Structure formats: structure tokens, C-alpha cells
Amino acid sequence: MTAHTWRNWAGTATARPSHVARPRDEGEVADLVRGAVEAGRTVRAVGAGHSFTPAAATEGTLVHLDALDHLESLGPPAADGSRLVTVGAGIRLHALCRRLAAHGLALENMGDIDRQSLAGAISTGTHGTGARLGGLATQVHGLRVVTADARIHAVHPGAGDGGASLFELARLGLGTAGILTAITLRCVPAFTLTATEAPRPWREALASLEDPATADHVEFYWFPGTAVALTKTNTRDGAAPPLAPARRLLEDELLANGVFEVTNRIATAVPALTPRLNRLAARALGARTYTAPSHEVFVSPRRVRFAEMEYALPVEALPEALGEVDAWLRRSRENVPFPIEVRVAAADQVWLSTAYGRATGYVAVHQYHRLPYARYFRAIEAIMRRYDGRPHWGKLHRRRADDLAHNYPRWADALAVRERHDPAGVFANAYTDRVLGARVGGIRGR
Ligand SMILES: Cc1cc2nc3c(=O)[nH]c(=O)nc-3n(C[C@H](O)[C@H](O)[C@H](O)COP(=O)(O)OP(=O)(O)OC[C@H]3O[C@@H](n4cnc5c(N)ncnc54)[C@H](O)[C@@H]3O)c2cc1C
């Protein structure tokens, strides 16, 4: 196919791939990898382009896996009702949730949106919130990946002959193990969530985040310069009435997206109004409680464009770190009309996961796309680093391989797998060179 300019959702990354491929099946993926290697070109898969970082950008071959979106197999139910489900790696999360629901199944946990591809979401460590739950990659039970030698590997945690290590890098490794073609997920019986949304002082909301007795999924959106946060508390299998469609439309589309776009535009034009707008927003978002299928409660539409940086901290560091963020915002008077999102996750064992080995608190800072973010994000990043913070791989940050390595106990293992399966850097790009290290003598044309 002819070259074109590729741009991510946020407009924070662009690239001009020399080739664009849309394979229809796994065999075509293997063929295109073989062809690209013979021609000396690098290869990057892209999902929905929802990473803020140039994670998927390439000057080589850009591969869209949208055609690999089928449900391949459904395993028998385990004692707890969960089932292993194998799907094409390019499937979008919203399509996956619909198909799972048709079989009485659901994802155990999700992030804020469902526009991403499954492969793209796991590759950057996409997560939701819940003190007892991990990110999407922890729900992966096995996968198939096409490596640089064009071989198709079916791997899982118990696979021998290096297969288990390949699995670890492939399930969360920015696409550096190869191209994922199929993913097996452990899915749980479909469940409903009762969402309770209410404004609260953010320090109070913070105290309830870690307490598993509070609810299964707790998070809050804190308006900079105010003491108030909108808390979202999702509890499994409650029985509140559903939201009337008209109310949902009004609150999610008009208030959360339409009015929010307008307040951001005003804040951009008249920065002096931002503190008042933030106080108003914190008050205007009223309380509501409703019950709905889990995948409808986890996600909401995000139509106002923004840039984002998110850091993962040891959860016990959250109060002090957020105190510093608050102090910086008040001192600097930075114009930030976008709330800060705070979430939690259980410790996991996924090598390059931001929650590896520690119960984690996430702090996500956002900026409206028409406003500058560099100074804000730099200041918050400096604070997060003091608390041993790990940046989300798909969100903006300025870290490099040499100062990330010490944050990840299994860093050397992950890099050894990469060296073994992709010594020439077929699946590298400028971003992976920066955050994981460049391949010596690697292929050009990234
Ligand atoms: C509005 C918005 C809301 C968000 N909310 C959340 C949230 O709640 N929680 C959270 O953690 N993150 C969130 N994110 C970040 C987002 O989930 C991640 O950046 C995710 O990686 C995007 O998925 P994607 O399909 O767009 O992947 P892309 O950005 O297209 O790609 C991401 C990476 O995956 C690789 N990749 C894609 N497909 C394959 C494949 N088949 N094989 C190998 N590698 C592949 C790419 O090369 C790239 O390195 C949000 C982003 C946006 C824009």
C-alpha cells in the first residue's frame, strides 16, 4: 500500500510509514514480517492509535490488525464459572465486550474507555482501578505471536523452551516481542456494577481508595486547585435502577463532554477563570447511582481531546505525593482545567507492568489539547520520580531506558528475551529505542 501520514488519537505523535499492511490472517502476518525483514524494513503493529506516546509510530511497515477480530474458541467453564476465550488480537475492546456478553461473560476489570484494540491495550499495560485486581495483561492466559524469524509461537506461562519468557514480553512489551495475532483471556461470568458517583473532599476519597471493604473499583477525579474530587465507586452485583437513557445522554454527552469542551475553551482563552471553573465543575457534577452491565459502567465516552501522563507509585506514597502535586499547582498557578485521576491496582507479576511486585496507586494528569502541557507534566514527573514512580508506557513521559531499568526487577529478563527473538530490532522504533534501549547495529528505517 502507499505511504501516508499516521497520527495518534491525541495528536501527540505522527509518522510516515513507508508501507502500510492490512493482513487478513495470521499467515499473511508471517509473510509480511518475512518480506519486511528481507527488504531491511522495521515493522510496527498499530491498534487504535490511542497511546499518547509514539509507541506505534514507524517509518517502516505499519501493520493494522483490524481483520483479526474474530472469536476463535471458548473453553469449558471452570469451577468459578470463568472461561478461557481466544480472540483475534486486533479486536477492539467494545466489540470484545459485546461478544463476551452474548456468551454470558465479561472482562474482570477495564480502563475508562473501550476504543482500544486488545493487543494494543495489553502491550502498554492498560489498567482500570480496583485494589484486588490487576490490569488487562494479568487477564491474559496465553497468546500467539509472530516473531522476527516469521515463526508463529503459541505461548503461555507454563510453556517450555523459553516459551514462558516469550509470553511475558509479548503480553506487555510494546510490541517488541513480535506481532500478536491471537490472545487467550480468562473471562468471568457476566456481572453488573452499581456505580455511585459523588463529590467529596479528595483527601477523604484517598482514604477509601485502598480499602477493599469500600467497593470493588474506586477512583476519583480531582479538580486542580480545589479540595474537591468526583469519586466513582463501582460495586459488583448491586441493585440500583438503571439510568434513564435520556439522563445518561444529558450527563455523559452534554455535561461531561459538551459543557466540558466549552469550559476548556473558556479556560484556554481566559486563564484567570480556570480556578472558578474548576470549583464550579467540582460542584456541578452531581451525585448519581445506577446499575448496569459491567462493561457499560467501566467506560465512558471521551470526546474532549487531551494530553496525558500517568505514573504508578507504591500505593502508600499516594497521600504525600498528591500533597506535593497540590502544593505545586497552588504555587505555580498553572492553567489546568482538566481533573487529575487517581486509581489503584493490586501487585502483579507481569515483568514490565507498572504494578509489578507492588500494590499500586496511579496518578494521571491531563491537559486540554489546546493548552501547553510540557511545564506541568515535567513538574509532576519530578515529584513522581521521588516516589519511585513508573510511567505508563502509553502515556507521555520523558524517561529513558537507563533510568527506567532500576524500577523493574525483571528488566534484564525482558531485554534478554528481546535480544534472543529480535536481535536486529525488526520490531523497534524510536520510542522503544528510548525506553528499552537501542539495538546495536539494528535495522534502519524506523
Ligand atoms: C481517551 C483515552 C483513555 C484512556 N484510558 C486509559 C485507561 O483507563 N487506562 C489505561 O491504562 N490506559 C488508558 N489509555 C491508554 C491506552 O489504553 C493505551 O495507550 C493503549 O495502548 C491504546 O491501545 P491501542 O489499541 O490504541 O494501541 P496503540 O496505541 O495503537 O499501540 C500501543 C502499542 O501496542 C503495540 N501493538 C498494537 N497492536 C499490536 C499487535 N497486534 N502486536 C504487537 N504489538 C501491538 C503498538 O506497536 C504500540 O507499541 C487511554 C487512552 C486514551 C486516548
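Just above, that's the structure.
Just so you know, these numbers come straight off a predicted model, no measurement behind them. (Residues numbered from 1 in each chain as written. Predicted model: local features only at pLDDT ≥ 70, side-chain atom pairs only at ≥ 80, totals over all residues. Heavy atoms only, no water.)

J.: Summarise helix α4 (residues 163-171); cite the residues concerned and give the values.
T.: A large share of α4 lies buried, amounting to seven of its nine residues. Within the sequence span of α4, burial applies to G163, L166, F167, E168, L169, A170 and R171. (Buried < 20%, exposed > 50% of the residue type's maximum accessible area, 1.4 Å probe, protein only. Helix = DSSP H or I, 4+ residues; strand = E, 2+ residues; numbered from the N terminus.)

J.: Outline helix α10 (residues 374-386), listing residues and values.
T.: In a regular helix each residue adds 1.5 Å, so 13 residues correspond to 18 Å; α10 covers 19 Å between its end C-alpha atoms and thus fits that length. Listed in full, the buried residues belonging to α10 are Y376, F377, A379, I380, E381, I383 and M384. On its buried face, α10 is in contact with β16 (306-314), α9 (318-332), β17 (340-345) and β18 (360-368). D388 sits one or two positions beyond α10 and adopts a positive phi of about 65°. (Expected span 1.5 Å × (residues − 1). Contact = heavy atoms within 4.5 Å.)

J.: Lay out the site of the ligand with the relevant residues and their values.
T.: Surrounding the ligand, one finds 36 residues, the nearest of these being A45, G47, H50, S51 and T124. Within the backbone of G120, one N or O atom sits 2.8 Å away from an oxygen atom of the ligand. One nitrogen or oxygen atom from the main chain of L174 is found 3.4 Å from an oxygen atom belonging to the ligand. Of all elements in the fold, only β4 (43-46), α3 (118-123) and β11 (179-189) reach the threshold of two or more residues within the shell around the ligand. Residue contributions to the shell around the ligand peak at four residues, all from α3. Among the residues forming the shell around the ligand, the class breakdown is 15 nonpolar, 16 polar and five charged. No fewer than three residues from each of domain 1 (71-190) and domain 2 (192-391) sit in the shell around the ligand. (Near = heavy atom within 4 Å. Polar contact = N/O pair within 3.5 Å; in protein donor to acceptor, adjacent residues only side chain to side chain. Nonpolar A, V, L, I, M, F, W, Y, C, P; charged D, E, K, R; others polar. Domains from an automatic or database assignment.)

J.: Could you give me a rundown of the side chain of T291, with the residues and numbers involved?
T.: Here T291 shows up in strand β15 (residues 288-293). Here T291 falls in the buried class, since its relative accessible area comes to 11%. A distance of 2.6 Å separates a polar atom in the side chain of T291 from a polar atom in the side chain of T194.

J.: Could you give an account of the sheet that holds strand β3 (residues 19-21), with specific residues and numbers?
T.: What the three strands build is an open sheet, ordered β3-β5-β4; its pairing is parallel. With one partner strand each, in any of the chains shown, β3 and β4 form the two edges of the open sheet. Each strand of the sheet is rotated relative to its neighbour by a mean of 25°, with strand direction disregarded. In this structure, β4 lies alongside strand β5 (residues 61-64), joined through four bridges in parallel fashion. Residue V43 lies in a different strand from β5, and its bridge partner there is T61. Packed on one face of the sheet, helix α1 (residues 26-38) meets β3, β4 and β5 and runs near 175° to β5. (Pairing = 2+ DSSP bridges. Axes fitted to C-alpha atoms, helices over the stretch in contact; angles between N-to-C directions.)

J.: I'd like a description of a nonpolar patch on the surface, backed by residues and values.
T.: Taken together, the side chains of V262, I266 and V270 define a hydrophobic patch exposed on the protein surface, amounting to about 210 Å² of accessible area. Structurally, I266 is set in helix α6 (residues 245-269). A relative accessible area of 35% means that I266 is categorised as partly exposed. (Patch = residues over 30% accessible without salt bridge, like charges linked within 9 Å, V, L, I, M, F, W, Y side chains within 5 Å. Areas by Shrake-Rupley, 256 points an atom, 1.4 Å probe, with all protein chains shown as cover. Salt bridge = Lys/Arg side-chain N within 4 Å of Asp/Glu carboxyl O.)

J.: Give me the lowdown on the packing of α4 against helix α12 (residues 411-421), citing residues and values where you can.
T.: Running from amino to carboxyl end, α4 crosses α12 at an angle of 105°, the nearest separation of the two axes being 9 Å. The angle between α4 and α12 falls in the class roughly perpendicular. Counted together, S165, L166 and L169 of α4 and A414, V417, R418 and H421 of α12 form the full contact between these two elements. Residue composition of the contact of α4 with α12, by class: four nonpolar, two polar and one charged. (Parallel < 35°, antiparallel > 145°, perpendicular 65-115°, else oblique.)

J.: An account of the sheet that holds β15 is requested, with residue identities and associated values reported.
T.: In spatial order, the strands read β15-β12-β14-β13-β17-β18-β16-β19; together these eight strands make up an open sheet with antiparallel pairing. The open sheet has two edge strands, β15 and β19 (390-391), and neither has a second partner. With two bridges connecting them, β16 and β19 associate as antiparallel partners. The residue bridging A312 from the neighbouring strand is R390, located in β19.

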